[in-house]
Amino acid sequence: MKPDQPSFLLAHLSDPHLPLTPGVTPRDFLGKRTLSYLSWHLNRRHRHRRETLDALTADLAQQGPDHIAVTGDLTNLGLETEYLQAHAWLDDLGEPENVSVIPGNHEAMVKGAWERGGAHWRPFWQGDSPARNQAHAFPYLRVRGQVALMGLSTAIASRPGLAVGALGEAQLARLAPLLARAREAGLCRVLMIHHPPLAGTVPARKALLDAPALQGVLAREGAELLLHGHSHRSHLQEIDTADGAAPVIGVPSASSMHHEPAAYNLYRIATRPEGWALSVKTRRLSAARQIEALQGFETVIARSHAGGNAP
Ligand SMILES: [Fe+2]
């Protein structure tokens, strides 16, 4: 990996919550899904609109990103029919090697939903080294250019009224050596995670339960950039890592104008002798349903291992 490598353009969208397929009624399920169905029927179906999502993804395609990160909550109830619908949407977004998906809490609405439905999306979460099975597949690693994309799963079934997530000890144990090896390879480590990794970003009932354990791994092994969804709002924060501060960036829902205008981000990552230059641009849908390009910002993520400089 050399500093004169071409820059890498990564698009990031999240929480599309594709509309429920026609004909789904509470008779099709029981338990937590019933409450979530009512929530969808009363509120979310009016907020998450396919035409909003389609306007964003049409614009995204015109930007020609090298890769697209989708950070979870493609579904509402985690039903098989929703997984199939989302698979078709992912296929339209791009080739599986150029689109990376991770699950959100809605994919794990009830126990077993992600394990069954996630298999349909496998080409989009399959790492460069295929895992033995879905349970061991996260975090996955996909190296593209100078970037090491790591997909984490925080999808766990939780009680009605909760939308918490957790990585679990086993996944965190697998993450540490991935981070170390990517650092040795001089790569820019980009982590994709549905739940925000910093406390207080979302209310406790929506939190990442083992956020402190993740922060501990990052404090030991380092990372360059973390991308998340879940809150349906934009965020720009920083997290301390072994190799220095790393930006933590959240995007709003790609299909809703409710909390904030629907939006996606573009990250241009370029190797510099002192680290990685990161340019962040947001493209969102205006009330007049036009795409707006926001000002954005540029920063340098200072890292000694950039460009293979690590001893
Ligand atoms: Fe979520």
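Everything numeric here is computed off the predicted structure, so don't read it as measured data.

Criteria and thresholds
- Residues numbered from 1 in each chain as written.
- Predicted model: local features only at pLDDT ≥ 70, side-chain atom pairs only at ≥ 80, totals over all residues.
- Helix = DSSP H or I, 4+ residues; strand = E, 2+ residues; numbered from the N terminus.
- Rg over C-alpha atoms; globule rule 2.2 N^0.38 Å.
- Buried ≥ 20, exposed ≤ 12 C-beta atoms within 10 Å, placed from the backbone.
- Contact = placed C-beta atoms within 7 Å.
- Pairing = 2+ DSSP bridges.
- Expected span 1.5 Å × (residues − 1).
- Arc of directions from axis to C-beta.

Peer 1: Before we go on, may I ask you to explain the overall build of the protein chain in this structure?
Peer 2: The helix and strand tally for the protein chain stands at 7 helices and 13 strands. Whereas a compact globule of 311 residues would reach a radius of gyration of roughly 19 Å, the protein chain reaches 18 Å, a difference of no more than 12%. Scored against the burial criterion, the 311 residues of the protein chain give a buried share of 46%. For the protein chain, the proportion of contacts with a sequence separation of at least 24, taken over those separated by at least 6, is 69%.

Peer 1: Sorry, what's going on with the pairing of strand 9 (residues 246–250) here?
Peer 2: In the case of a regular strand, side chains alternate between the two sheet surfaces. The alternating pattern of strand 9 places Ala246, Val248 and Gly250 on a buried face, while none of Pro247 and Ile249, on the opposite face, is buried. Examined bridge by bridge, strand 7 (residues 225–228) and strand 9 share 3 bridges and lie parallel to one another. When the sheet's bridge partners are listed, His228 is paired in strand 9 with Gly250. Bridge analysis of strand 8 (residues 235–239) against strand 9 gives 5 bridges, and the strand direction is antiparallel. Bridging from a neighbouring strand, Glu238 pairs with Pro247 of strand 9.

Peer 1: Which parts of the structure should I look at to understand helix 2 (residues 50–63)?
Peer 2: Since the α-helix turns once every 3.6 residues, residues separated by three or four places project in the same direction. Along its 14 residues, helix 2 runs 20 Å from first to last C-alpha, staying within 8% of the 20 Å computed at 1.5 Å per residue. The set of residues buried in helix 2 consists of Thr52, Leu53, Leu56, Thr57 and Leu60. Projected onto a plane normal to the axis of helix 2, the buried residues spread over an arc of 120 degrees and lie on a single side. When the buried face of helix 2 is taken as reference, the exposed residues oriented beyond 90 degrees from it are Glu51, Ala58 and Gln62. Buried positions along helix 2 lie against strand 1 (8–13), helix 3 (80–93), strand 10 (263–272) and strand 11 (275–285).

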